[in-house]
Structure formats: structure tokens, C-alpha cells
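Observations on the three-dimensional arrangement
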Amino acid sequence: LMFNGMVNVVLVLDSNQKLASTPSVSSRGVFNGDEKSYALLLANEVEAAFNLLPKGSRNDEKELREVARLAVRREISANHEIRPDISVDLVQLKGV
């Protein structure tokens, strides 16, 4: 964490297993400069990866976390020489 930082992703899903909002991405010690723009870029990458998932896979919390984590990892690896810790949290809305 001291050298590579941390990225946290939060996915909010409705009762139909669709994204209820744009993924939230925050980081500590990862990006120098425009954190907000990079967080938005990562959120878009996570959303794109989520949208490629078959509907049946959206019920698997482990798979959802892994898809989001890998989307963030790919984008960071392509542009930076760091490997931050990546945490993915899921929020499930019931009856929405």
C-alpha cells in the first residue's frame, strides 16, 4: 500500500442485477494529478466490463468483483507501472 496505493470500487445493483448508478471509484496514493478524471475513466471501464457480462453471471458476487477488479487492473497496468490493491464492494438494492 505504501508504494502502490489502493483503489476502491463500489457497484450498486438493483433487484434486476443491473447497475443502479455509475460505479464509484476512489483511490489513495495511486494517481498524481487529476484523480477525479482518472476515477471517472476507471468507472467507465468497470461499467463497460459489467455490461459485457452475461445476465446469469450477474448473480455471482465473486464473478462481479473479479470482473470489476480486472477492468481496473487492465487500465492501470496499461498506463502506470504500479499494482495497487483493488477492493470491490457490492451494494444490492432490494425491491427497486
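Structural data are supplied above this passage.
The rules we used
Going along each chain's sequence as written, the residues are numbered from 1 onward. Where local features are concerned, this predicted model is filtered to residues with pLDDT of at least 70; where side-chain atom pairs are given and counted, the filter is 80 or more; whole-chain, interface and lining totals use all residues. Computation of side-chain values covers all heavy atoms of the structure but excludes hydrogens and water. A run of H or I in DSSP becomes a helix once it reaches four residues, and a run of E becomes a strand once it reaches two; helices and strands are each numbered from the N terminus. A 1.4 Å probe rolled over the protein chains alone gives each residue an accessible area, and that area as a share of the maximum for its type sets the label: buried under 20%, exposed over 50%, partly exposed in between. Each residue after the first adds 1.5 Å to the expected span of a helix. Whether two residues are in contact is decided by their heavy atoms, any of which lying within 4.5 Å being enough. Only the stretch in contact is used when a helix axis is fitted, and all axes are lines through C-alpha atoms; the angle between N-to-C directions ranges over 0 to 180 degrees. By the definition adopted for this analysis, an angle is roughly parallel if under 35 degrees, roughly antiparallel if over 145, roughly perpendicular if from 65 to 115, and oblique otherwise. Each crossing gets its handedness from the near helix: less than a right angle anticlockwise from the far helix is left-handed, clockwise is right-handed. Basically, the charged four are Asp, Glu, Lys and Arg, the nonpolar ten are Ala, Val, Leu, Ile, Met, Phe, Trp, Tyr, Cys and Pro, and anything else, Gly included, counts as polar. Any two strands are treated as partners once DSSP identifies two or more bridges connecting them. Only buried Ala, Val, Leu, Ile, Met, Phe, Trp, Tyr and Cys residues count toward a nonpolar core, and they belong to the same one when joined by side-chain atoms within 4.5 Å.

Quick look at the environment of N51
Relative to the elements of secondary structure, N51 occurs in helix α1 (residues 35-52). Here N51 falls in the partly exposed class, since its relative accessible area comes to 46%. Along the sequence, N51 and L70 sit 19 residues apart, while their C-alpha atoms lie 14 Å from each other.

Concerning helix α2 (residues 61-79)
Between the first and last C-alpha of α2 there are 28 Å, a value that for 19 residues agrees with the 27 Å anticipated at 1.5 Å per step. Residues of α2 that are buried: L64, V67, A68, A71, V72, R73, E75 and I76. Contacts made by the buried residues of α2 are with β1 (6-13), α1 and β3 (85-92).

Some details on the packing of α1 against α2
A pair of packed helices can be characterised by two numbers: the angle between their axes and the separation between those axes. Between α1 and α2, the shortest axis-to-axis distance is 9 Å and the interhelical angle comes to 135 degrees. Considering their axes alone, α1 and α2 lie oblique with respect to each other. Between α1 and α2 the crossing geometry is right-handed. In this structure, α1 contributes Y38, L41, L42, E45, V46, A49 and F50 to the contact, and α2 contributes L64, V67, A68, A71, V72, E75, I76 and N79. Of the residues assigned to the contact of α1 with α2, the class counts are twelve nonpolar, one polar and two charged.

Description of the sheet that holds strand β2 (residues 24-28)
In any sheet, the strands associate via hydrogen bonds between backbone groups, in a parallel or an antiparallel arrangement. If you trace the three strands from one edge of the open sheet to the other, you get β2-β1-β3, paired in mixed fashion. Two strands bound the open sheet, and with one partner strand each, they are β2 and β3. The sheet shows a mean angle of 15 degrees between the axes of neighbouring strands, direction not considered. The pairing of β1 with β3 spans eight bridges and is parallel. When the sheet's bridge partners are listed, V12 is paired in β3 with V91. Across the sheet, α2 touches β1 and β3, and the angle it forms with β3 is around 140 degrees.

Remarks on the nonpolar core
A general feature of soluble globular proteins is that nonpolar side chains tend to end up buried together. Ranked by internal contacts, the top residues of the largest apolar core, which has 25 residues, are V7, V9, V72 and I76. Of all the secondary-structure elements, those providing two or more residues to this core are β1, α1, α2 and β3. Ranked by residues supplied to this core, first place goes to α1 with seven residues.

Points about unusual backbone geometry
Most peptide bonds take the trans configuration, and most residues that are not glycine carry a negative phi. Backbone geometry places Q17, a non-glycine residue, at a positive phi of 65 degrees. Relative to the helices and strands, Q17 resides in the loop between β1 and β2.

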